[in-house]
Amino acid sequence: MKKLVIFDLDGTLLDTIADLADSTNTALEKNGFPTHPVEAYRFFVGNGINKLFERALPEGEKSEANILRIRKDFLAYYSLHHSDKSTPYPGIPELLKELNRQNVQLAVASNKYDEGAKELIPYYFPTIPFVAVFGQRQGIAPKPDPTIIHDILAIAKIPKEDVLYVGDSGVDMQTAINAGLTSCGVTWGFRPQTELEQFNPDYIINNPKEILTILKG
């Protein structure tokens, strides 16, 4: 049985797309740039917030200066509104409680900026202990670079063969491959199942309960 489950955050544990879209659109509008429908953000997110802003900016305006301007206004707004519309996916709170009951360690490896990840997890899952929660940290490459996974394993002191990595995107599946972990793609997140299938994950699931079956297997 696996002893540690590492989860992606946005699109895996929490449906955050509306708040991410609202915050980015607010920053874009403030700086005179066009905004985007919420659905577009499903393909903007996943590689860190600077890449989110680069994708959201118009062609010809994707300069570092503009990205930093949007980032500043995004953070100011999102820090106050990150939980306006976000919510755990159905079955996730129950899954986390059951994993905790079974003494399975839990961790989060996200490309959300680190402070945001560390705020959202205790807000939405206040009674669930996580051995580590890491977002994208300054000076450390984002996923699919496996550094974030290595840092979690060093804290949890669990060998790779006893770890399941769960995420909703190709970035997540590549992260699992790069870290040498058993991979599990989820279909309820931001990206289509076809994107997951391109990486041949060990598992693709449609319901959080299936993770319990995988762990027993």
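For the structure given in this document, a descriptive report is provided here. (Residues numbered from 1 in each chain as written. Predicted model: local features only at pLDDT ≥ 70, side-chain atom pairs only at ≥ 80, totals over all residues. Heavy atoms only, no water.)

Read across the open sheet, the six strands follow the order E5-E4-E1-E6-E7-E8; overall the sheet is parallel. Looking at strand neighbours, the two that pair on one side only are strand E5 (132–136) and strand E8 (203–205), the edges of this open sheet. The sheet shows a mean angle of 20 degrees between the axes of neighbouring strands, direction not considered. Pairing analysis gives four bridges linking strand E1 (residues 4–7) to strand E6 (residues 163–167), with the strands arranged parallel. Paired with Phe7 across the bridge in E6 is Val166. This element, helix H5 (residues 92–101), spans E1 and strand E4 (105–113) of the sheet and lies at about 155 degrees to E1. (Pairing = 2+ DSSP bridges. Helix = DSSP H or I, 4+ residues; strand = E, 2+ residues; numbered from the N terminus. Axes fitted to C-alpha atoms, helices over the stretch in contact; angles between N-to-C directions. Contact = heavy atoms within 4.5 Å.)

The tally for this structure, following the rule as stated, stands at five aromatic pairs. Centroid distance Tyr41 to Phe44: 5.1 Å. Interplanar angle 75 degrees. Geometry classified as edge-to-face. Placement of the pair is Tyr41 and Phe44 together in helix H2 (residues 41–44), with a separation of three residues, close to one helical turn. The residues Tyr41 and Phe44 share a single accessibility class, namely buried. On the basis of an interplanar angle of 70 degrees and a centroid distance of 6.3 Å, the ring pair of Tyr78 and Tyr113 is categorised as edge-to-face. Within this pair, whereas Tyr78 is found in helix H4 (residues 64–81), its partner Tyr113 is found in strand E4, the two being separated by 35 residues in sequence. Residue class for Tyr113 comes out buried when judged on its relative accessible area of 10%. Joined through ring pairs, the aromatic side chains of Phe53, Phe74, Tyr78 and Tyr113 make up one cluster. (Phe/Tyr/Trp six-rings, centres within 6.5 Å; stacked < 30°, edge-to-face > 60°. Buried < 20%, exposed > 50% of the residue type's maximum accessible area, 1.4 Å probe, protein only.)

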